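Chain by chain, the residues run as shown.
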Amino acid sequence: MKLSQIALVVALSAVTAFGVTKYTAAPAGPATEAKKETRLEQVKRTGVLRCGYYLWPPFLDKDLTTGEMKGMFAELINEIGKQLNVKVQWSTEILHDQIPTDLASNRYDMLCGMLFATPTRAREMAFTTPLLIHPAYLFVRADDHRFDNNYEAANDPSIKFAILDGEYSAIAANERYPRAQKVALPQNASGPELLLNVSGKKADIVATEAMTYALFNKSNPGQLRRVEGPPESIIEASFPLPLNEPAFKNTIDTTMTYLHGTGFINKLLDKYETTDIKFLRMPKPYIVKEGSNAP
């Protein structure tokens, strides 16, 4: 065989070997990888909706004798479980600043306690169709009138805000009163404890919602007062869900919309309202023409 022919054979053999190696050693592509189970598929497979929760009476509380969860959130979440034909499991008591990580790591399926839906939170987690529109206010000691109709006076280095990291009290204080000092409570603290820091003079002021104040005032009458002026904010309140789980979000959203439409949520809000505290309902998704027979 001529030298030129031998060289051609060697070259063709090398090309063939390279091609075989290339196509047999190539890593498995996305089409061959195991499909990751979605959160909705997991809930349907197990028949269980796992709840992260925080105790915040009267919205959510726990019977220390029986372990039963009670309050407005418990009634609503249990109804969601009933509608979806799954068991609700109150599996994990949470720390507020760990909620996004918990949801992303599948520690629980949803947070079964409403939060104010803020842009800061929306970067890290999804939110359901809102339960209601919820005002927050500023609260101070009964003899303190420094901030009445002058909220900007609270944005001062001499002023101390009571906060709970990851909770709305911290978001409000950090965003709108950045110059003020922040007095943080332990992560397992409750709403009334925020107010207790103010009445105990560890802090001067706190931003929170009216129902928490009403519960505190019932046990500690006359110690605190609401700062005169409009609400500090008025924000939609919803249940947090993991990001990037559209099918699961659609399922919970649809159930929430259904419970608004059937009147279940409206009756639930009626049940937990007090003489002094009225909830702001979500606007109806329709307009009734004057003189029509529509509801």
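Provided above is the structure to which this section pertains.
Here's a quick rundown of the structure. What you see is a predicted model, and the numbers here were worked out from it, not measured in a lab. (Residues numbered from 1 in each chain as written. Predicted model: local features only at pLDDT ≥ 70, side-chain atom pairs only at ≥ 80, totals over all residues. Heavy atoms only, no water.)

1. Comments concerning unusual backbone geometry
Next, step 1: With an omega dihedral of 0 degrees, the bond running from P57 to P58 counts as a cis peptide bond.
Next, step 2: If you trace the backbone, P58 turns up in the loop between β1 (48–53) and β2 (61–62).
Next, step 3: A positive phi angle, near 65 degrees, is found at K201, a position not held by glycine.
Next, step 4: Along the polypeptide, K201 turns up in the loop between α7 (191–199) and β11 (205–208). (Helix = DSSP H or I, 4+ residues; strand = E, 2+ residues; numbered from the N terminus.)

2. What to know about the side chain of N197
Next, step 1: Secondary-structure assignment places N197 in helix α7.
Next, step 2: Of the residues examined, N197 reaches a relative accessible area of 11% and is grouped as buried.
Next, step 3: In this structure N197 touches A162, V183, L185, K202 and A203, once residues within four positions along its chain are discounted. (Buried < 20%, exposed > 50% of the residue type's maximum accessible area, 1.4 Å probe, protein only. Contact = heavy atoms within 4.5 Å.)

3. What to know about the sheet that holds strand β5 (residues 110–111)
Whether parallel or antiparallel, the strands of a sheet pair through hydrogen bonds between backbone atoms.
Next, step 1: In space, the three strands of this open sheet follow the order β4-β1-β5, with parallel pairing throughout. On the outer flanks of this sheet lie β4 (87–93) and β5, each paired with one strand and no other.
Next, step 2: Both β1 and β4 contribute to a ladder of six bridges, which runs parallel. Within β4, the position partnered with C51 by the bridge is W90.
Next, step 3: The strands touched by helix α3 (residues 72–84) within the sheet are β1, β4 and β5, with β4 carrying the most contacts at an inclination of about 135 degrees. (Pairing = 2+ DSSP bridges. Axes fitted to C-alpha atoms, helices over the stretch in contact; angles between N-to-C directions.)

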